[in-house]
Amino acid sequence: MDTFRARIGGFAFGGDYNPEQWDRPVWDEDVALMRRAGVNLVTLGVFAWASLEPEPGRFTFAWMDEVMDLLHAGGISVDLATPTMAPPVWLTHGHPDVLPVMEDGETFGFGNRLHFDPASPRYREHAARITTALAERYSHHPALAMWHISNEYGPTSYGGHSAVAFRDWLRRRYGSLEALNDAWYTRFWSQRYTSWDQIDPPEVPRTWSNPTRRLDFKRFVSDANLACFRMERDIVRSYRDDIPVLTNYMRFYKHADYWTWAAEQDAVALDIYPDPGQDDAHVAAALNYDLMRSLRGEPWILMEQAAGGVSQWKVNNVKRPGRMRLGSYQALGHGADSVLYFQWRASRGGHERFHSAMLPHSGTRSRTWQEIEALGTELPRIAEAAGSGSHADIAVLFDWNAWWGLTETSGLPRNDFDYPRIATDHYRPLLEAHHAVDTVSFGSDLSRYKVVVVPNAYLVDDAFTDALTRFTENGGTLVCSFFSGVVDAHNHVRQPAYPGAFRALIGAYIDEYWPARPDETYLLTRADGTTAAADWWQDSIHPESARVLASYATGALRGRPAILENTVGRGRVVYIGTRLEATALRDTLLDAVAAAGVSPLLDHAPAHLEATRRTGEDAEFLFLLNHSDTETVRVPLTADGIDLVSGTKTDGAVELAPLAVAVVRSEPRRAAGGGRRVG
Amino acid sequence: MDTFRARIGGFAFGGDYNPEQWDRPVWDEDVALMRRAGVNLVTLGVFAWASLEPEPGRFTFAWMDEVMDLLHAGGISVDLATPTMAPPVWLTHGHPDVLPVMEDGETFGFGNRLHFDPASPRYREHAARITTALAERYSHHPALAMWHISNEYGPTSYGGHSAVAFRDWLRRRYGSLEALNDAWYTRFWSQRYTSWDQIDPPEVPRTWSNPTRRLDFKRFVSDANLACFRMERDIVRSYRDDIPVLTNYMRFYKHADYWTWAAEQDAVALDIYPDPGQDDAHVAAALNYDLMRSLRGEPWILMEQAAGGVSQWKVNNVKRPGRMRLGSYQALGHGADSVLYFQWRASRGGHERFHSAMLPHSGTRSRTWQEIEALGTELPRIAEAAGSGSHADIAVLFDWNAWWGLTETSGLPRNDFDYPRIATDHYRPLLEAHHAVDTVSFGSDLSRYKVVVVPNAYLVDDAFTDALTRFTENGGTLVCSFFSGVVDAHNHVRQPAYPGAFRALIGAYIDEYWPARPDETYLLTRADGTTAAADWWQDSIHPESARVLASYATGALRGRPAILENTVGRGRVVYIGTRLEATALRDTLLDAVAAAGVSPLLDHAPAHLEATRRTGEDAEFLFLLNHSDTETVRVPLTADGIDLVSGTKTDGAVELAPLAVAVVRSEPRRAAGGGRRVG
Amino acid sequence: MDTFRARIGGFAFGGDYNPEQWDRPVWDEDVALMRRAGVNLVTLGVFAWASLEPEPGRFTFAWMDEVMDLLHAGGISVDLATPTMAPPVWLTHGHPDVLPVMEDGETFGFGNRLHFDPASPRYREHAARITTALAERYSHHPALAMWHISNEYGPTSYGGHSAVAFRDWLRRRYGSLEALNDAWYTRFWSQRYTSWDQIDPPEVPRTWSNPTRRLDFKRFVSDANLACFRMERDIVRSYRDDIPVLTNYMRFYKHADYWTWAAEQDAVALDIYPDPGQDDAHVAAALNYDLMRSLRGEPWILMEQAAGGVSQWKVNNVKRPGRMRLGSYQALGHGADSVLYFQWRASRGGHERFHSAMLPHSGTRSRTWQEIEALGTELPRIAEAAGSGSHADIAVLFDWNAWWGLTETSGLPRNDFDYPRIATDHYRPLLEAHHAVDTVSFGSDLSRYKVVVVPNAYLVDDAFTDALTRFTENGGTLVCSFFSGVVDAHNHVRQPAYPGAFRALIGAYIDEYWPARPDETYLLTRADGTTAAADWWQDSIHPESARVLASYATGALRGRPAILENTVGRGRVVYIGTRLEATALRDTLLDAVAAAGVSPLLDHAPAHLEATRRTGEDAEFLFLLNHSDTETVRVPLTADGIDLVSGTKTDGAVELAPLAVAVVRSEPRRAAGGGRRVG
């Protein structure tokens with residue numbers, strides 16, 4: 001990414017550019033307007049397979065040559081996409097086995113997007129050919145700044161190619177049928193396999209089905225897509241290895257384990273469309289941004305956002321005035337090194353004709369264009385923040401195996417867990433209290449943190465259990481909520497008592513899990529006499545070494561413990577055995593964080609004032625965002641600084657009007673603290 | 001239709017007669033009871049294919065000969081149906097390709113109705129054979145009064161025959177693949193076709209799909225069914241051309257463009273089952289009736305209604321005492337020349353065994369029979385009104401391309417438009433204010449009207465835009481509501497600004513479409529200080545030549561215009577940029593209508609008193625219906641007249657008891673005004 | 001069953017035992033803990049096909065030999081299952097035609113349970129082979145006490161094997177196509193069949209379909225599964241005929257007509273999982289228990305219940321302390337001779353890993369184990385009640401043909417009837433008033449009863465009509481609710497008036513059925529001036545010989561009759577023409593019961609105190625259960641007795657703490673009354 005960062009200079013600004021939708025004269029206008037708006041990077045060719053290879057093996061690169069040259073002449077760099085997310089009709093019509101088979105047995109036909117089976121050999125063969133042709137032609141084009149491999153990977157097929165690939169994957173994972181039968185617990189329901197070819201992808205579960213089979217299929221699908229990415233990556237790298245290669249992820253996307261993916265690419269990139277119709281969509285967005293930054297521990301690429309409304313939902317709200325700018329700075333504050341959009345110019349037809357664009361149907365007269373142009377003009381003011389790092393003392397677990405275990409395997413005491421929502425519920429109070437937060441996976445190094453938050457981690461592997469144990473023994477604080485540690489990576493209940501892996505950590509065993517009856521709520525009493533509300537779930541807890549922080553004051557478990565604390569080595573574990581109401585969860589989390597000696601970035605600021613800090617080699621950048629559209633906020637600052645956006649010095653405080661933004665540059669507070677300069 | 005009208009004499013009264021369900025002795029009782037009830041027309045043979053052709057090519061007409069003779073002897077005319085809506089099992093079992101393939105790829109099997117692919121050559125071959133045999137045998141039977149081609153056309157198949165026929169249809173529409181690719185905007189998402197045989201019917205949209213492909217498929221399905229109709233029509237006409245040939249339509253039916261269909265048949269006919277469980281079902285019914293009348297600008301046939309409850313819904317309410325009579329007169333008031341039912345005698349078995357009949361399971365002792373007999377006895381009193389015409393100064397757009405554009409193509413700013421409901425919302429205040437209303441399509445002659453109402457016409461073709469322009473330039477008033485004029489017939493956004501086709505008409509451009517956030521409402525202020533409520537949608541309007549009639553007093557667009565008026569030539573355009581609450585929409589519409597100099601049929605009558613007027617050569621017939629079941633209404637009348645139903649002279653007024661009906665005959669108010677005698 | 005009862009001695013206690021899930025050392029612990037808990041019967045091998053026959057024809061009985069011997073050595077009897085509900089993958093993978101085809105045409109794949117087409121010849125062949133092998137090996141094993149044929153029969157297939165078998169079944173039922181065409185009313189909608197091979201199973205009804213075809217298919221599916229049961233039963237009986245052979249039923253299970261099934265097996269057995277999340281789940285449970293007892297008129301086997309929560313629902317609540325014991329005694333009070341569970345030891349993996357077990361994941365330290373152990377220890381105290389009979393003067397119709405007619409055939413005036421709920425609504429007031437209740441079918445002997453309750457019996461056959469007539473003529477009281485007697489067994493409306501079969505019984509005809517409009521309710525006035533509420537439905541009643549007990553005071557049928565009484569011979573009929581609100585239905589039922597001279601088991605006890613009586617040869621056992629978890633109940637008793645549970649003499653009364661149970665033994669009140677000693 002070094003070359004790329006050097007080339008771009010500050011933050012990348014631009015979007016998906018699809019010139020094949022427009023006649024030649026429009027291209028000149030496009031480049032002129034891009035320059036006017038400060039665009040320095042466009043993504044080219046995402047949907048261009050049919051335009052580049054109109055029939056098998058015949059390539060028509062002339063138009064793209066011209067576009068690349070035009071852009072280069074305009075000083076605009078290119079993120080060149082392999083177009084393999086949208087195979088042309090000549091491929092799917094000639095070879096229907098390229099198409100994915102859905103869970104219900106039907107084939108997903110041509111006419112949408114992502115209509116390929118990632119395990120199809122023929123798909124991979126054709127994808128390799130067009131990728132090779134592109135790499136051969138453009139690897140050394142002076143406009144080329146980045147490779148964008150395909151798009152939003154995740155296609156899933158339940159058909160024959162997937163069956164073959166799934167069996168291979170299982171053979172590699174388990175080695176023997178015996179081991180697979182053990183892992184899948186096939187001794188139950190007479191499901192023992194006696195030959196590899198008896199194993200099929202799971203079909204739509206009409207009643208109930210083997211939960212480990214489903215779990216492994218999710219793992220396989222992520223890997224099958226990753227294999228496609230790696231194939232294309234290796235092709236383009238074989239032509240030139242100093243251009244960063246990546247693909248773009250999605251918001252809370254269940255079908256690909258991005259921790260595994262991130263290690264395979266040169267940078268992390270995200271497409272995200274927070275719903276402007278939801279008042280607090282920025283909270284989940286922030287978690288996604290922190291996740292993206294944490295995946296590789298470095299700045300990331302905001303690859304797609306919308307300039308306004310989208311076209312994929314039943315109701316597609318606009319981004320109201322000022323919101324697009326605010327959301328863009330939010331991503332930057334959480335570590336993004338770019339502000340990119342889908343797409344540059346609004347389409348006249350096709351499914352996404354009402355998806356907003358940098359240049360809308362109403363052209364430069366439009367409010368959206370004016371906000372885009374203003375932002376493009378403004379961003380260079382904070383260019384020095386690009387590439388800067390960050391530091392957090394708190395980490396929240398966000399792991400795909402934990403997700404899949406909780407939501408994809410069925411047969412739980414209750415089966416309506418919503419993992420992204422659970423993670424967001426635990427993250428929100430930390431964000432709103434102005435704490436810096438990383439996310440971690442089972443495999444992460446926890447030693448960098450003072451507090452680790454583990455929400456509803458039903459499935460955990462042994463390595464994570466060991467890591468948590470070391471973390472707490474070494475003085476860390478673990479906050480863990482109910483129904484955690486229950487099963488191993490095979491989805492087998494850990495014996496001899498719940499919560500299996502975490503029994504020693506929490507200092508208690510749990511006899512039973514009590515999902516709430518309809519509309520049931522509980523009142524809790526804390527040691528200090530205060531009360532708290534909860535609902536949805538109760539662990540029936542029997543403390544062993546733990547102390548009780550709160551007990552049930554009502555209900556069938558009245559008098560029994562609800563929240564525990566336990567000492568493990570030099571560390572501390574807070575265990576929450578129920579679903580706390582929001583303020584109670586906030587208090588519990590913030591008490592634990594405070595007790596662990598973690599300070600927020602700001603004190604006394606309201607929850608709607610968001611604060612994040614990026615740290616460069618010789619400066620810190622405090623991003624301050626006022627999410628309220630009615631309240632002005634005054635933020636006292638201890639260090640002297642300058643607000644790069646307004647260009648004014650901070651005189652002990654910054655005042656932010658509704659929806660306003662400030663990026664306060666100051667000297668680093670710590671010598672060689674958490675932040676690091678990347679690239 | 002002349003011969004038919006002459007033969008029937010007044011209004012046709014009767015229903016579907018399915019004697020093949022009953023033993024021979026029942027037939028005599030049927031004819032006797034029909035005579036007792038005043039039946040003069042029955043529809044025969046709709047479900048009789050298996051009874052007429054028990055094996056391929058072997059016909060058993062003897063029973064039908066006998067029924068035809070019996071009916072003729074009883075003085076009852078026959079509307080003879082071709083039985084092709086319900087192919088026998090020997091056809092579908094021997095040739096499963098006759099069956100339609102559903103959107104999800106499954107075949108729609110035997111055992112229902114309408115189980116045929118209209119594009120199946122084998123279906124058409126067998127349909128032609130039975131039609132030919134019927135025509136040959138009965139064309140000159142003295143009972144024959146009308147041909148009823150098949151039934152409720154609309155079957156849709158996504159299978160192989162449809163693929164072939166769809167490609168042929170597209171080839172005829174577009175001429176070249178190049179033109180199709182342009183129209184379908186296949187430059188997006190890599191969807192370019194390079195050969196006709198790559199094009200398939202759209203499958204169930206699992207994510208999103210090409211919106212113009214879906215739009216064209218709706219057009220194709222309508223035409224494919226129409227081709228079936230035309231084939232059978234031509235066969236029966238080849239035997240004798242003085243018998244009217246028609247098929248029956250359905251209420252708000254999305255799958256056939258009845259404007260196109262109406263031109264191909266000798267009269268329009270409607271099957272309608274307003275839900276007796278809904279208090280205002282008569283409003284949507286009235287719109288359907290006006291639509292039927294407008295399709296050919298002449299009286300139409302009410303082909304099927306229910307004597308009481310139906311059997312197709314989850315809960316099937318009865319028609320309470322007096323409601324069936326009231327609803328029958330309503331259809332007549334809106335131009336129907338018949339009162340016909342499905343069906344004559346209630347079936348003992350089969351799916352529709354609880355669908356009500358003229359002769360119910362409980363026979364002549366039943367309330368329903370008694371109401372039927374009373375109505376059949378009463379109708380001759382108004383016989384002279386049969387065949388009379390009508391006149392309206394107001395037209396509401398109801399066009400299938402507008403419908404499909406708004407609801408079948410996806411990817412809109414919001415995707416929960418309900419076209420029939422939208423049309424009904426705009427129609428209701430006009431009906432309740434006692435205005436006569438026609439409906440129009442894109443291709444209609446608008447010069448006959450003073451006011452044209454265009455609700456949410458997202459997709460409009462160029463010809464309609466031109467017609468609206470000429471209409472307003474010539475002094476007409478156009479009332480148009482939000483999100484209109486946006487795309488062309490290919491579903492391409494009209495550039496360079498919204499609302500594309502209508503920008504000059506409304507005198508403003510629209511920058512963005514703002515669907516409402518959940519539960520969001522707006523308050524509007526009019527120039528005179530009054531206020532109005534709205535919700536669901538806001539156009540972000542920038543007036544050019546328009547004046548502002550109302551502005552937003554709340555919300556993010558506070559102070560911005562909500563309702564405009566614009567002068568175009570000698571005409572006026574009122575543009576409504578939001579979804580007005582019902583009374584505000586009513587006031588806006590009625591103000592515009594009044595300003596255009598259109599008077600209602602009645603002043604000062606309550607909304608539940610419905611008034612319609614039919615105009616004959618030398619008399620006018622004012623139909624007055626009291627929809628209230630508790631309130632008596634006194635209607636002052638200016639002209640002298642006689643209530644044909646009661647036989648009493650109107651003495652300056654008519655008083656209508658709850659659920660009462662009057663048909664007031666008077667001298668025509670105008671010399672050779674709007675009304676015309678048909679036939 | 002005599003041998004079995006003699007062997008077990010008192011009540012059977014135990015559950016499903018799946019040792020194939022566990023390593024050898026666990027087996028010893030299992031037997032030791034079983035002995036500690038008082039287990040005397042386990043069901044072995046339900047899921048063991050793959051473990052017993054790992055490849056076609058190769059059997060591995062060694063492990064089962066060992067388990068059988070171990071259990072026998074521990075004094076525990078075995079209910080040996082044929083494992084045919086879960087075919088191994090080698091069977092389904094080698095022969096996919098063994099798998100059932102679902103209603104939508106998709107195949108139900110391997111990986112669930114019950115994945116077989118009962119009409120598959122290959123399935124039957126393999127099922128016969130493993131059954132034969134088991135019978136040959138274990139018929140004379142000393143541990144063998146009972147044969148458990150397969151499990152929860154009910155698989156349904158719409159594929160080719162079912163088509164062939166369905167045609168055979170229809171040929172046997174109807175004899176000729178002519179008769180089938182008449183029964184199916186194929187003269188409607190052109191559905192006449194001209195060859196048997198044209199008939200297929202009904203597909204998913206995309207619009208509407210032939211209701212008698214659907215009805216017959218339900219009948220066929222029940223019989224097709226029964227044929228599988230009979231085949232296996234005959235095999236095991238051919239080896240030894242003194243071991244009882246049965247299969248296990250399910251709660252309110254629509255897919256098998258258990259009246260037909262019960263006659264084919266040696267005892268009735270039930271699997272039941274009342275939802276602990278529902279406060280009144282014990283009412284429907286009681287009805288199921290009475291149904292089980294009535295099927296053969298003798299004690300039955302509670303084959304599966306849960307020790308705590310299950311895993312099949314979205315939210316699986318636990319059984320709170322004391323509830324499992326209470327529910328177990330409830331089953332015994334209603335005639336069960338066993339308390340058995342699924343399963344003995346909680347699985348570590350697989351779909352049901354969180355289904356509770358006698359020995360939970362948390363082992364003997366768990367609350368559940370402690371309650372199991374206590375119950376197992378307590379049950380021998382009431383051993384003498386095992387095998388005892390019962391007597392009831394009241395019977396409620398619960399018939400599968402009535403069920404299927406009302407809910408599976410579509411096209412009714414309303415189509416949201418819930419038969420189990422309707423039956424429960426009529427049963428609840430009788431249970432809560434401490435009446436003993438049997439259930440009856442169309443074919444039952446009614447002469448044993450004083451009152452028969454017939455809820456919403458839309459479809460009734462002629463034999464039942466005759467039986468009801470004889471019953472009332474002989475002095476019985478019939479209480480019948482609306483929409484009864486309407487159609488015959490072919491689903492044909494009985495002419496010439498509603499309610500067809502029941503017109504003479506109720507002394508009235510019904511002109512029309514009026515489903516309620518949305519939210520409509522009615523007020524009724526009784527002769528004594530009191531009022532009652534109703535909703536949902538009104539029969540439009542015309543009394544002939546009947547007297548009016550209550551009339552509508554509101555609504556369109558104001559003044560018309562709602563509840564009738566009629567005298568038939570020496571008997572009385574009460575007819576309820578609407579859906580009464582719960583207290584009104586209770587009063588109407590209890591009035592009729594009292595007028596018929598039927599006394600409850602208890603007077604003045606609250607509804608939450610449940611009372612049932614079992615009658616042995618020389619003692620009566622009054623089961624008293626306090627379902628309240630807060631109220632203590634004192635029950636006065638007239639006869640002297642002893643509470644077998646506590647071992648204390650009743651001194652004119654028994655006092656029951658919340659959730660408490662008493663089983664009061666006393667001398668029989670009647671000489672040779674209703675009760676009988678079975679076996």
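Definitions and cut-offs
Residues numbered from 1 in each chain as written. Chains lettered and ligands numbered in written order. Predicted model: local features only at pLDDT ≥ 70, side-chain atom pairs only at ≥ 80, totals over all residues. Heavy atoms only, no water. Pairing = 2+ DSSP bridges. Helix = DSSP H or I, 4+ residues; strand = E, 2+ residues; numbered from the N terminus. Contact = heavy atoms within 4.5 Å. Buried area = accessible area lost by both parts, 1.4 Å probe. Salt bridge = Lys/Arg side-chain N within 4 Å of Asp/Glu carboxyl O. Polar contact = N/O pair within 3.5 Å; in protein donor to acceptor, adjacent residues only side chain to side chain. Axes fitted to C-alpha atoms, helices over the stretch in contact; angles between N-to-C directions. Least-squares fit on C-alpha atoms with pLDDT ≥ 70 in both.

**Remarks on the sheet that holds strand β1 (residues 12-17) of chain B**
All names here are of chain B.
So, point 1. Within the open sheet, the six strands sit side by side as β5-β4-β3-β2-β1-β9. Their pairing is parallel. At either margin of the open sheet sits one strand with a lone partner, and together these are β5 (245-246) and β9 (338-341).
So, point 2. Pairing of strand β3 (residues 77-81) with strand β4 (residues 144-148) involves four bridges; the strand directions are parallel. Residue pairing in the sheet places aspartate 79 in a bridge with methionine 146 of β4.

**A closer look at the interface of chain B and chain A**
So, point 1. Residue-level contacts link 56 residues of chain B with 55 residues of chain A.
So, point 2. Overall, the association of chain B and chain A removes approximately 4900 Å² of surface from exposure, summing both partners, and the carbon and sulfur fraction of that is 49%.
So, point 3. Counting across the interface, chain B meets chain A through four salt bridges.
So, point 4. Where Arg320(A) meets Glu520(B), a salt bridge forms, and the shortest distance between an N and an O atom there is 2.7 Å.
So, point 5. At the boundary of chain B and chain A, one finds 29 residue pairs in polar contact (both at pLDDT 80 or more).

**Thoughts on the sheet that holds strand β24 (residues 641-643) of chain A**
Residues and elements named next belong to chain A.
So, point 1. Strand order in the open sheet formed by five strands is β21-β22-β27-β24-β25, with antiparallel pairing between adjacent strands. Edge strands, defined here as strands with exactly one partner in the open sheet, are β21 (609-615) and β25 (648-650). On average, each strand axis in the sheet is inclined to that of its neighbour by 25 degrees, with strand direction left out of account.
So, point 2. Bridge analysis of β24 against β25 gives three bridges, and the strand direction is antiparallel. Within β25, the position partnered with isoleucine 642 by the bridge is lysine 649.
So, point 3. Sheet contacts for helix α12 (residues 323-333): β21, β22 (620-626) and β27 (661-666); angle to β22, the most-contacted strand, approximately 145 degrees.

**Details of the pattern of salt bridges**
Two side chains bearing opposite charge may form a pair once their charged atoms approach each other closely.
So, point 1. Tallied over the full model, the rule gives 134 salt bridges over all chains.
So, point 2. The shortest N-O distance in the salt bridge between Arg187(B) and Asp182(B) comes to 3.3 Å.
So, point 3. Several salt bridges share partner residues, and in doing so they unite Arg230(A), Arg233(A), Asp234(A) and Glu264(A) into one network.

**A few points about the relation of the copies chain B and chain A**
So, point 1. The transformation that overlays chain B on chain A combines an axial shift of 0.0 Å with a rotation of 120 degrees, and the residual RMSD is 0.0 Å. Here the two chains are linked by the operation of a three-fold rotation axis. Looking at the rotation axis and the C-alpha trace of chain B, the residue lying nearest is Glu106(B), at 5.4 Å.
So, point 2. Little of the interface of chain B is mirrored in chain A, where only 4% of its interface residues again form contacts.

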